[in-house]
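Residues per chain, in single letters:
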Amino acid sequence: MRKTVIISATIMLAASPEISAAQSAGIQRISNFASGGAGWRSVKIDEKVPATKFTAKRIQGVPAIEAYARMSMALFTRPVMVNLVKTPVLCWRWRVDDVVRTANIAKKSGDDQAARIYIGLDLPNSSISLGTRAKLALARSRGGNTIPDGAINYVWDNRFPVGTARNNAYTKQAKIIVAQTGSAQAGTWVNERRNLAADIRSQFKTSKAKVTSIAISSDTDNSGETVTAAFADIHLVPAGARCQYK
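What you see is a predicted model; the values in this text were computed from it and never measured. (Residues numbered from 1 in each chain as written. Predicted model: local features only at pLDDT ≥ 70, side-chain atom pairs only at ≥ 80, totals over all residues. Heavy atoms only, no water.)

The next subject is the sheet that holds strand β3 (residues 41-44). What the 7 strands build is an open sheet, ordered β3-β6-β13-β8-β9-β11-β10; its pairing is mixed. Every interior strand has two partners, whereas the edge strands, β3 and β10 (165-167), have only one. On average, adjacent strands in this sheet sit at an angle of 25° to one another, irrespective of strand direction. Relative to strand β11 (residues 174-181), β10 runs antiparallel, the two sharing 3 bridges. If you follow N167 over to β11, its bridge partner there is K175. (Pairing = 2+ DSSP bridges. Helix = DSSP H or I, 4+ residues; strand = E, 2+ residues; numbered from the N terminus. Axes fitted to C-alpha atoms, helices over the stretch in contact; angles between N-to-C directions.)

For the rest of this paragraph, the subject is the pattern of salt bridges. Inspection of every chain in the model, using the stated rule, returns 7 salt bridges. Linking D98 and R101 is a salt bridge whose minimum nitrogen-to-oxygen distance equals 3.0 Å. Overall, D98 belongs to the partly exposed group, its relative accessible area being 26%. One salt bridge in this structure joins D199 and R194, with 2.9 Å as the shortest N-O distance. For D199, a relative accessible area of 10% puts it in the buried group. (Salt bridge = Lys/Arg side-chain N within 4 Å of Asp/Glu carboxyl O. Buried < 20%, exposed > 50% of the residue type's maximum accessible area, 1.4 Å probe, protein only.)

This structure, assessed with the given rule, holds 7 aromatic pairs. Centroid distance F33 to W40: 5.3 Å. Interplanar angle 50°. Geometry classified as tilted. Accessibility expressed as a relative area gives 9% for W40, which makes it buried. When the ring of W40 is compared with that of F76, the centres are 5.7 Å apart and the planes differ by 10°; the resulting orientation is stacked. In this pair, W40 is assigned in the loop between β2 (27-31) and β3 and F76 in strand β6 (residues 74-79), connecting sequence segments 36 residues apart. (Phe/Tyr/Trp six-rings, centres within 6.5 Å; stacked < 30°, edge-to-face > 60°.)

So, on to the state of the cysteines. Counted by the stated rule, this structure contains 1 disulfide. Each sulfur of the disulfide joining C91 and C243 lies 2.1 Å from the other. On the sign convention where negative means left-handed, the S-S torsion of about -70° between C91 and C243 marks this disulfide as left-handed. Of the two residues, C91 is situated in strand β7 (residues 89-96) and C243 in the segment after β14 (226-237); the sequence distance between them amounts to 152 residues. Residue C243 is classed as buried on the basis of its relative accessible area, which comes to 16%. (Disulfide = S-S within 2.5 Å.)

For a regular strand, the rule is simple: side chains alternate between the two faces of the sheet. Among the 5 residues of β2, 5 are classified as buried, and the element is accordingly described as predominantly covered. Where β2 and β14 come together, 3 bridges link them in antiparallel fashion. Paired with Q28 across the strands is L236, a residue of β14.

By the secondary structure assignment, R93 is in strand β7. Linking R93 and V190, residues 97 residues apart in sequence, is a C-alpha distance of 5.6 Å. Beyond its immediate chain neighbours, meaning those up to four positions away, R93 contacts V62, W189, V190, N191, A230, F231, A232, D233, Y245 and K246. Of note is the side chain of R93, whose polar atom sits 2.6 Å from the side chain of D233. (Contact = heavy atoms within 4.5 Å. Polar contact = N/O pair within 3.5 Å; in protein donor to acceptor, adjacent residues only side chain to side chain.)

Within the secondary structure layout, R78 lies in strand β6. A polar side-chain atom of R78 sits 2.9 Å from the main-chain carbonyl oxygen of I30.

Looking now at helix α3 (residues 196-204). Taken residue by residue, α3 has L196, A197, D199, I200, Q203 and F204 as its buried positions. Buried residues of α3 fall within an arc of 160° about the axis and therefore sit on the same side. Put simply, N195 is the residue that caps the front of α3, since its side-chain oxygen is 3.3 Å from the backbone nitrogen of A197. Positive backbone phi, approximately 55°, marks K205, located one or two places after α3. (Arc of directions from axis to C-beta.)

Next comes the structure, spelled out in structure tokens:
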């Protein structure tokens, strides 16, 4: 993903009106996609790059959004309000047909992922360096004040071990955390659980961040490959509580 793509993506993600996800029994459900993609929208990032296609369908009996990427990039996104004190743990299910074989998240030319959960963040000034604040201010002067301060990306990678955490190849304000890797579990649903609040504290050194948006994506614009992924049952639960997949 090119640097200009990262900037334009964050503009579009944060510019949408806020949507509060329903809460019940201490669980905050973002979407299980039983009603398709209601509340979500596809955002094409770069007019020069074909858009990843998102389709609501049942996959192995699970209501899901399928992402089909062929030399493409786009985001399927919705704004959210999240109480990280009450529900700090992010849960979701995903599957991939295969990984992006030639991807390498350590390089700008390899910044592709078979599947990705993107969390847009509003950060306190104390956790942003003066230099970064200046860069954000410049970007906002050109693209508007809606550009978020940072992002956590949970990815299904092709080479780095699970638990790897690193800066995006283009900007340290976008953090990459490898949640799955390799093709051993390709073709099957995999349940995920991450303490989002803890990951934000670890990566941005703050406990005062606010979640502004969630997006799903598959992108192969750099590698030119073709992959299919699917996402389901995105929700948050209290610390110590079990994820509840439908």
